[in-house]
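Report on the structure
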Amino acid sequence: MGYMNITDLDLTKEELLDFMQILHDALLVKRDEDLPPLLLQFKKLIPCEYIIAGLGETNPDGLLQNVTKIINISYPVAWLQRYQERNYAAVDPILRAHTQGFQTQLWSETYAHVTNKEEQQFIEDARSFGLHEGITLGHLNKRKLLGSLFSFSGNGLGKQARHQLILECALPHLHLALMRTAFPVENEFPTLSPRERQVLKWLMEGKTNWETSRILNISERTVKFHVQNVLTKLHSSTRGHAIALAIELGLVGLPIPSQETEYALKYLRDEIGSSPK
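Presented here is a report on the structure given in the accompanying data block. In this text, all values refer to a predicted model and were calculated from it rather than measured experimentally. (Residues numbered from 1 in each chain as written. Predicted model: local features only at pLDDT ≥ 70, side-chain atom pairs only at ≥ 80, totals over all residues. Heavy atoms only, no water.)

**Quick look at the nonpolar core**
- The biggest cluster of nonpolar side chains holds 35 residues, and the ones touching the most others in it are Phe19, Leu39, Phe42, Ile46, Phe150 and Phe152.
- Of all the elements in the fold, those that place two or more residues in this core are α1 (13-26), α2 (35-39), β1 (50-58), β4 (134-137), β6 (146-153) and α7 (161-182).
- Per-element tally for this core: the top contributor is α7, with nine residues.
- Excluding its chain neighbours within four sequence positions, the residues that come into contact with Phe150 are Leu39, Ile52, Ala53, Ile135, Thr136, Leu137, Leu171, Leu174, His175 and Leu178. (Core = buried A, V, L, I, M, F, W, Y, C linked by side-chain atoms within 4.5 Å. Buried < 20%, exposed > 50% of the residue type's maximum accessible area, 1.4 Å probe, protein only. Helix = DSSP H or I, 4+ residues; strand = E, 2+ residues; numbered from the N terminus. Contact = heavy atoms within 4.5 Å.)

**Considerations on the environment of Ser237**
- In this structure, Ser237 sits in the loop between α10 (220-233) and α11 (239-248).
- Look at Ser237 and you get exposed, because its relative accessible area is 58%.
- With 96 residues separating them along the chain, Ser237 and Asn141 place their C-alpha atoms 9.2 Å apart.

**Here we look at the pairing of β4**
- A two-sided burial pattern is seen for β4, the buried positions comprising Gly134 and Thr136 on one face and Ile135 and Leu137 on the other.
- Inspection of the sheet shows β4 paired to β6 by four bridges, in the antiparallel sense. When the sheet's bridge partners are listed, Leu137 is paired in β6 with Phe150. (Pairing = 2+ DSSP bridges.)

**Details of the pairing of β6**
- For β6, the buried fraction is high: eight of the eight residues fall into the buried class.
- What you see with β6 is no split at all: Leu146, Ser148, Phe150 and Phe152 on one side and Gly147, Leu149, Ser151 and Ser153 on the other are buried throughout.
- Taken together, the eight bridges between β1 and β6 define a ladder with antiparallel strand orientation. Counterpart to Gly56 in the pairing with β6 is Gly147.
- Across two bridges, the pairing between strand β5 (residues 140-141) and β6 is antiparallel. Residue pairing in the sheet places Leu140 in a bridge with Gly147 of β6.
- In sequence, β5 turns back onto β6 through a hairpin of four residues, with Leu145 there showing a positive phi of about 55°.

**Section: the side chain of Ser153**
- With respect to the element layout, Ser153 can be found in strand β6.
- Within the local environment of Ser153, its side chain forms a polar contact with the backbone oxygen of Glu133, the two atoms lying 2.8 Å apart. (Polar contact = N/O pair within 3.5 Å; in protein donor to acceptor, adjacent residues only side chain to side chain.)

**Some details on the packing of aromatic side chains**
- Within the structure shown, the criterion is met by 10 aromatic pairs.
- Ring centres 5.8 Å apart and planes at 75° place the aromatic pair Trp79 and Tyr83 in the edge-to-face group. Taken together, the residues Trp79 and Tyr83, both in helix α3 (residues 77-85) and four residues apart, mark about one turn of the helix.
- Judged by relative accessible area, Trp79 falls into the buried class, the value being 3%.
- Following the ring pairs from residue to residue traces out a cluster consisting of Trp79, Tyr83, Tyr88, Phe122 and Phe129.
- For the cation-ring pair, Lys201 lies above Trp202, with the distance from its terminal atom to the ring centre recorded as 3.7 Å. (Phe/Tyr/Trp six-rings, centres within 6.5 Å; stacked < 30°, edge-to-face > 60°. Lys NZ or Arg CZ within 6 Å of the ring centre and 35° of its normal.)

**Focus on helix α8 (residues 194-204)**
- Turning to α8, its buried residues are Glu196, Val199, Leu200, Leu203 and Met204. The buried residues of α8 occupy an angular sector of 145° when projected down its axis, which confines them to one face.
- Phi turns positive, to about 85°, at Gly206, one or two residues after α8. (Arc of directions from axis to C-beta.)

Here it is, written out as structure tokens:
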């Protein structure tokens, strides 16, 4: 997954407000009970009825070893009971593929490769509970040996490319929000050089490597070198996750201070409310 700006999502003014609200609220999550109202907001942006989140311990190779926590947002409780009773974790093709790479999955694409009879039975059983179409994604934190999982399901989910883009753009913030419900923020942070902080600042502003090189009067190759150093130090695979983690750890300030974010959201609401329909 590459780095994305909010502008890549092609949102309407109302949808942009809803998305900004989600990112803002993600920064405020501290406890398990803070997650449901956050994740349920995605219903305004994508067709999702069922949502669940989870966190698990991995080995150094990134393979799941133990489930740390599961937070059910709106999955059918009867399905979760059956999942446990029938040990579906052993045959769930989505879970298996997720823990092998923590990449975004469209369920339909993963299911298309299923040939095992037990897995096919699992799929049919899930569909009987309304779990037909969905998207599962998460992030592997190699530094803490922890991986996250977020599954969204609903009729038509994934049929538009924007559904996946919206979730991927929000993922770094969701991952960190989930992590905060399980662990306090660390006291020892990675150290970024002054130049790395400058480069990161312009990444937060949505600048490309070339634009950053012009601003800082250095070569584009040097910018790429600093970007890679930032990703390595923060154990991040994407720029978006590096930015979110740097904000979370206090290595850089928020692009808009939290109080000003409230003002910005209020301004957008007022603008939307006064716009001609």
